[in-house]
Amino acid sequence: TMRASVLALGPLLARFGKATVSLPGGCAIGSRPVDQHIKGLQAMGAIIDVAHGYMNARLPEGWTRLKGARITTDMVTVTGTENFLMAACLAQGVTILDNAAQEPEIPDLAEMLISMGAKISGHGTSRITITGVDKLHGCTHSVVADRIEAGTFLCAVAATGGDVVLENARVDHLDALLDKLREAGAFISPVPLGLRITSSGKLKAQSFRTTEYPGFPTDMQAQMMALNVVAEGSSIATETIFENRFMHVNELVRLGANIQIDGRAAMVTGSTNLSGAHVMATDLRASASLVIAGLVAEGETTIERIYHLDRGYDRMEEKLRGIGADIERVK
């Protein structure tokens, strides 16, 4: 049920020489084919058949390991880069990943693999080089803070007003979003524990365009739109990554938002007085945008299908309640 399930394919194939993995699910935000994963692993020698909803992968007869290869994907793919990175660690020879994703999660994974004995260089750039090793060993690694979770709380505080410290949030992972929030009128500064945001709740709308890291993240588009709905002025949100990522718009409109969609652009007229309503979460980040809008709206807002929310946020309602929000999870 999660898009991330495809990440079992590379490691299983590298470790055991075979793997059967279900075609991944996840949010219906647009086409996210696995063809780039298959193409890359095939370049390393894997034989992969897709049948009955499963990817069946194996090594050729007589092979004991994948072989190093040069892999250039047709587009930047985060999970594809991660899959190739893990598979190549135990491959024979050198693997070069061109057009590699540069999101902070990539170098974080690479640093963990290096701690396990892998030989990797170039992580964090568009070209990563991996020299295969015979085996990996255990390690201790602290996972990098979730920049999208941090960004979601930043938008929530900016929209509602308040003064909050986000522990462990990384300034260097949020540059594009922080620029927009500062232009909108929020005050953000690094502190020893992470990030501090102060906002009066009176904001100026900001147009933005989603793109690959280090640009404005597609996973923050819905949350930023919720902020623009209650900001002063008009703005345009342009979505370039996923073709079906405006499903939250109709639900925001139910709360009183003024939004018009034209292809991959959403035109938002701000300074709207939102009022509570019964709305439905359609995907992970859409549900986060509805929480932000619900915090600002007058009256009570009920959000259905929050199982979407739980795939990307840890106890969101508890964290928000801890800083003053009137929010609870109900049966």
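Source: prediction; values computed, not measured.

Caption draft 1: Here's a closer look at unusual backbone geometry. Omega for the peptide link from Tyr213 to Pro214 comes to 15 degrees, which places this bond in the cis form. Along the polypeptide, Pro214 turns up in the loop between strand S11 (208-209) and helix H7 (221-229). Phi at Asn99 is positive, roughly 60 degrees, even though this residue is not glycine. Along the chain, the position of Asn99 falls in the loop between strand S5 (94-98) and helix H4 (105-115). Residue class for Asn99 comes out partly exposed when judged on its relative accessible area of 28%. The phi angle at Arg315 is positive, at roughly 50 degrees, despite the residue not being glycine. Secondary-structure assignment places Arg315 in the loop between helix H10 (307-310) and helix H11 (316-322).

Caption draft 2: Inspection of the packing of aromatic side chains at higher detail. For the coordinates displayed, the defined rule picks out one aromatic pair. Aromatic pair Phe208 and Phe216: ring centres 4.5 Å apart, planes at 35 degrees, arrangement tilted. The pair Phe208 / Phe216 is uniform in exposure class, with both members buried. Positioned above the aromatic ring of Trp63, the side-chain terminus of Lys67 is 3.7 Å from the ring centre.

Calculation criteria
Residues numbered from 1 in each chain as written. Predicted model: local features only at pLDDT ≥ 70, side-chain atom pairs only at ≥ 80, totals over all residues. Heavy atoms only, no water. Helix = DSSP H or I, 4+ residues; strand = E, 2+ residues; numbered from the N terminus. Buried < 20%, exposed > 50% of the residue type's maximum accessible area, 1.4 Å probe, protein only. Phe/Tyr/Trp six-rings, centres within 6.5 Å; stacked < 30°, edge-to-face > 60°. Lys NZ or Arg CZ within 6 Å of the ring centre and 35° of its normal.

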